[in-house]
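# An overview of the molecular structure
Read off the chains here:
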Amino acid sequence: MLADMARGFLDGAAPVKKLREMRDAGERHDAALWKEMADMGWAGVLVPEEAGGSDMGFAAANVIAEEMGKTLAVSPFLSTAVIAATALRQVSDDRAKEALGRIASGEATYALAIDEGIKFDPDATQLEAKAEGNGFRLNGRKQFVVDGGLAERLLVLARTDAGLTLFDIPADRASVSRDPSDMIDARDAARITFENVEATGEDVLGQVDQAMTVLKPALEAGQAALAAEMTGLSAGAFDMTVGYLKERKQFGVEIGRFQALQHRAAHLWCEIEVTASAILNAGRMLDEDPENAALAVSIAKARATDTAKLAVIEGVQMHGGIGMTDAYDMGFYMKRARVGAEWLGDYSYHAERVAAARGF
Amino acid sequence: MSGESLEAFRADLRAWLEENCPQEMRDGLRTEEGICWGGKNWVFTSDAQRVWLERCAAKGYTVPRWPVEYGGAGLNRDQEKIFREEMDRINARSPLESFGIWMLGPALLHFGSHEQKLHYLPPIARGEIRWCQGYSEPGAGSDLANVQTKGEDKGDHWLLNGQKIWTSYADKADWIFALVRTDREAPKHKGISFLLCDMDQAGVETRPIKMISGISPFCETFFTDAVVPKDQIVGEENKGWDVAKYLLTHEREMISGGAGGLTGTGRALGAVLSETMEEMDAILRADAMRCEVNSLAIGLTLERYKDQSEAGQGAGDASAMLKYMGTELNKQRHELMMTAGGSDALEWNGPLGNRAADWLRTKANSIEGGTSEVMLSIVSRRVLGLPG
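Residues numbered from 1 in each chain as written. Chains lettered and ligands numbered in written order. Predicted model: local features only at pLDDT ≥ 70, side-chain atom pairs only at ≥ 80, totals over all residues.

### Re the overall build of chain A
When helices and strands are tallied, chain A shows eleven helices and nine strands. With the C-alpha coordinates of chain A rotated into their principal frame, the extents come out at 80 × 50 × 40 Å. By the burial criterion, 55% of the 360 residues in chain A qualify as buried. Relative to all contacts within chain A whose residues are 6 or more apart in sequence, the contacts with residues 24 or more apart total 75%. (Helix = DSSP H or I, 4+ residues; strand = E, 2+ residues; numbered from the N terminus. Buried ≥ 20, exposed ≤ 12 C-beta atoms within 10 Å, placed from the backbone. Contact = placed C-beta atoms within 7 Å.)

Structure, rendered in structure tokens:
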């Protein structure tokens, strides 16, 4: 039901055509669209009701993300409504509650500044937060900060004396410089430099040196929702492709009559079905047994990455030349799939986590 | 059903298992040596195996989801999950496996008359009658509807003549369910009947076929004026193809998950490979990790389809997907196990037991019950609606 509602809305308000228009106009964020999503309860999908949210849970967040993937809808849903909201939920003070309320209403947008190298690797964080008086000084750089250009606030992972600490600071704080990245998927991301940026104890989310208490659930929620988005993306690319097989004629017949193409399309459908099961399982585990959801999340992200890659490669190939043109939408799916593959851990990262849990 | 009553069910079941599952049956053995197939000629490997079967059969636990009146325990899906969990918890062997349970039972539950269900299902549940499947013929493999075994109408019975092939364990079975051409004039799908034939008669002969694995699980089965009384038909005359297809969806689900510990409850591949190779090389390790990710996801998919389906019903056309994905993966898994086994895996009954025979056996997984290519064609036509 949620899926049907979301699909109905997104087909009208955020079809692929919309992404194309935004790209052509050089826009990376549609504040009015995000406000509409917030009004439907999507921004507050993981925000408790007492803080003004709809509190529908992780499985529901995955459903929304999956539908967004089908039409490549542009929104800060993953960064803000899933990752930041889940992080803030781990902290039970008034400031966090207020922040959650501002997320639910659509006012606040967040980005997670975590990557420093070319791969997702939180443990390798070097950005330094040096204790100074009652506060900290942040020095270092981040890259591939998704939604880092549009976000009002940043969650910054930094190295402190005895571990990692997560800071929640406004993106326009002095000495934070944001350099927008011109991403292949036409979505928002930035490289961000921190030069002696001042942070107070108030800016720490959770405890000093204990970032993972807050961040681990947030990352898992984000990875699952991203996997769901990529599965929606796979389904969207697949639907276009099967539609094309039924309509395109060569040698006097629809090309969907050729067994070589039928079997490839059927194989792709099988892969998408299997991945969909992994997504459902991840949502269920996050809702029912979040302490032990890591394996389910990594199965989902690994599978979603693999499946999306196959879906867009087959999508372009089975469309032939037209699939290579910018005028056709398939290229948008391919580029988003590549960005999604890298974000929050690539195939190898998650397969390693599965392997570790399964006796390798 | 409420969580509370489910937990009460679990507690009762746990106590029953503690009291009734013999210690020797708690070794989790799932290989051929550990399976109890039942049937008139079955020789129990131990007293414990016999006792375990009898106790489970008395409770309906050999077929937990079948209705009680037909020999089952009448469990719903949630209860069945708990049943499997509790069985796994004590590492219990399955009390009984058979083609009657996997294939004929579901088909009878769907198409059989009440009298047929009462007559045929309880002996399956108790392991008294062992069934085999008479589907393929030398000229009817992937083109299964081309079966030519003839059923001649003799008033109160049919007279069967013809040959079946790949009839698994026909040499050990008591009865055979067979696709028989009862109308030679009709189009090929519309002249087939689904008949139940007692093999204890002169007109039925079987001959085992030695396979590349060195063993002979498959047979040829010959009918020479074999007699099948008219009440031994499932569904209507000449409408056997509907029964055949329905049964195939169950066969495919069974092959997809049952063929080698594929599901999440099976042993982790990493642990299996580490037994023979302390440190896997980079390529083996990468291939194995991918295989493990896919195993877990396919296992979740099998569970998802079971959750969606009603008692005793199958996944329908999606069973083609389950079968294709499950069997192709199982072949990969065994390739990796051979690689990890190195030269130790190359001896019959060598240091790794029957690993090579198991590996060779898996090559049939993507052929039996419909080839991978037939599965893809089914998905293409029935699910995707691509032109045929």
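### Focus: the overall build of chain B
Counting secondary structure elements, chain B contains eleven helices and eight strands. For a compact globule of 388 residues, the expected C-alpha radius of gyration is about 21 Å, and chain B comes in at 21 Å, within 12% of that figure. Across chain B, the fraction of contacts at a sequence separation of at least 24, relative to all contacts at a separation of at least 6, is 72%. (Rg over C-alpha atoms; globule rule 2.2 N^0.38 Å.)

### Side note on the interface of chain B and chain A
If you look at the interface, chain B gives 27 residues, while chain A gives 29 residues. Looking at the side of chain B that touches chain A, the elements with two or more residues in it are helix 7 (269–276), helix 8 (282–308), helix 9 (318–341) and helix 11 (372–383) of chain B. Of the residues forming the side of chain B that touches chain A, the biggest block, eleven residues, is contributed by helix 8 of chain B. Split by residue class, the side of chain B that touches chain A holds 17 nonpolar, five polar and five charged. (Nonpolar A, V, L, I, M, F, W, Y, C, P; charged D, E, K, R; others polar.)

### Focus on helix 11 of chain B
Residues and elements named next belong to chain B. For helix 11, with twelve residues, the first-to-last C-alpha span of 16 Å sits near the 16 Å given by 1.5 Å per residue. Those residues of helix 11 that sit buried are Met375, Leu376, Ser377, Ile378, Val379 and Ser380. In the segment just after helix 11, Gly385 is the residue with positive phi, at about 70 degrees. (Expected span 1.5 Å × (residues − 1).)

### Remarks on the domain arrangement of chain A
Interface extent is often summarised as the accessible area lost during association of the parts. Residue and element names in this part refer to chain A. Parsing chain A into structural domains produces domain 1 (2–108), domain 2 (111–210) and domain 3 (212–357). Computed from C-alpha coordinates alone, the two centres of domain 2 and domain 3 are separated by 29 Å. With 14 residues of domain 2 at the contact, the number on the domain 3 side is 13 residues. Of the residues contributing to the side of domain 2 that touches domain 3, the split by class is eight nonpolar, three polar and three charged. (Domains from an automatic or database assignment.)

### Focus: the environment of Leu166 of chain A
Residues and elements named next belong to chain A. Relative to the assigned elements, Leu166 resides in strand 5 (residues 163–170). Distance in space between the C-alpha atoms of Leu166 and Ile114 is 9.6 Å, their sequence separation being 52 residues. Leave out the neighbours within four places in its chain, and Leu166 touches Ala87, Leu155, Leu157, Leu205, Gly206, Ala211, Val214 and Leu215.

### Details of the environment of Ala73 of chain A
Residue and element names in this part refer to chain A. Considering the arrangement of structural elements, one finds Ala73 in the loop between helix 4 (58–71) and helix 5 (77–89). Taking C-alpha positions, Ala73 is 18 Å from Ala311, a pair spaced 238 residues apart along the chain. In this structure Ala73 touches Leu10, Ala14 and Met68, once residues within four positions along its chain are discounted.

### Section: helix 7 of chain B
Leu269, Gly270 and Leu273 of chain B are the residues of helix 7 of chain B that are buried. Around the axis of helix 7 of chain B, the buried residues are gathered within 95 degrees of arc, so they sit on the same side. For helix 7 of chain B, the exposed residues lying more than 90 degrees away from the buried face are Ala271 and Glu275 of chain B. Of the surrounding elements, those touching the buried residues of helix 7 of chain B are helix 11 (347–357) of chain A together with helix 8 and helix 9 of chain B. (Arc of directions from axis to C-beta.)

### Side note on unusual backbone geometry
Even without a glycine there, the phi angle at Phe144 of chain A is positive, about 50 degrees. Among the structural elements, Phe144 of chain A can be located in strand 3 (residues 135–146). For Phe144 of chain A, a count of 23 C-beta atoms within 10 Å gives the class buried. In the Ramachandran plot, Asn238 of chain B falls in the positive-phi region, its phi being about 70 degrees despite a non-glycine side chain. You can see Asn238 of chain B is positioned in the loop between strand 8 (233–234) and helix 6 (240–258).

### Digging into the packing of helix 9 of chain B against helix 11 of chain B
All names here are of chain B. At a closest axis distance of 8 Å, the pairing of helix 9 and helix 11 adopts a crossing angle of 145 degrees. Considering only the axes of helix 9 and helix 11, their crossing is left-handed. Contacts from Ala320, Met321, Lys323, Tyr324, Thr327 and Glu328 of helix 9 reach helix 11 at Ser372, Met375, Leu376, Ile378 and Val379. When its residues are assigned to classes, the contact of helix 9 with helix 11 shows seven nonpolar, two polar and two charged. (Axes fitted to C-alpha atoms, helices over the stretch in contact; angles between N-to-C directions. Left-handed = near helix turned anticlockwise from the far one by under 90°.)

### Focus: the pairing of strand 5 of chain A
Residue and element names in this part refer to chain A. In the sheet, strand 4 (residues 153–160) pairs with strand 5 via eight bridges, with the strands oriented antiparallel. Note that in strand 5 the partner of Thr160 across the bridge is Gly163. With antiparallel pairing between neighbouring strands as the criterion, strand 4 and strand 5 make up a hairpin whose turn holds two residues. (Pairing = 2+ DSSP bridges.)

### Describing the packing of helix 7 (residues 211–247) of chain A against helix 10 (residues 330–342) of chain A
All names here are of chain A. Between helix 7 and helix 10, the shortest axis-to-axis distance is 10 Å and the interhelical angle comes to 155 degrees. When the interaxial angle is binned, helix 7 and helix 10 end up roughly antiparallel. When you trace helix 7 past helix 10, the crossing you get is left-handed. Here Leu226, Glu229, Met230, Leu233, Gly236, Ala237 and Met240 of helix 7 lie close against helix 10, whose contacting residues are Met330, Tyr333, Arg336, Ala337 and Gly340. Here the residues of the contact of helix 7 with helix 10 sort into eight nonpolar, two polar and two charged. (Parallel < 35°, antiparallel > 145°, perpendicular 65-115°, else oblique.)

### Quick look at the confidence of the model for chain B
Residue and element names in this part refer to chain B. Across chain B, the average pLDDT comes to 92, with 96% of residues at 70 or higher. Per-residue pLDDT stays below 50 along residues 259–265; that stretch engages in 25 contacts with residues further than four places along the chain or on separate chains. Across the interface, the model reports ipTM at 0.92; the global pTM reads 0.92. (pLDDT = per-residue confidence, 0-100.)

### Focus on the pairing of strand 1 (residues 110–113) of chain A
Residue and element names in this part refer to chain A. Neither face of strand 1 is exposed, since Tyr110 and Leu112 on one face and Ala111 and Ala113 on the opposite face are all buried. Where strand 1 lies against strand 4, four bridges are found, and the strand directions are parallel. The residue of strand 4 that forms the bridge with Tyr110 is Arg153.

### Points about the environment of Val47 of chain A
All names here are of chain A. If you trace the backbone, Val47 turns up in the loop between helix 3 (31–39) and helix 4. Here the alpha-carbon distance between Val47 and Glu132, two residues 85 residues apart in the chain, equals 34 Å. Setting aside residues no more than four positions away along its own chain, Val47 makes contact with Gly52, Gly53, Asp55, Ala85, Leu100, Ile103 and Ala104.

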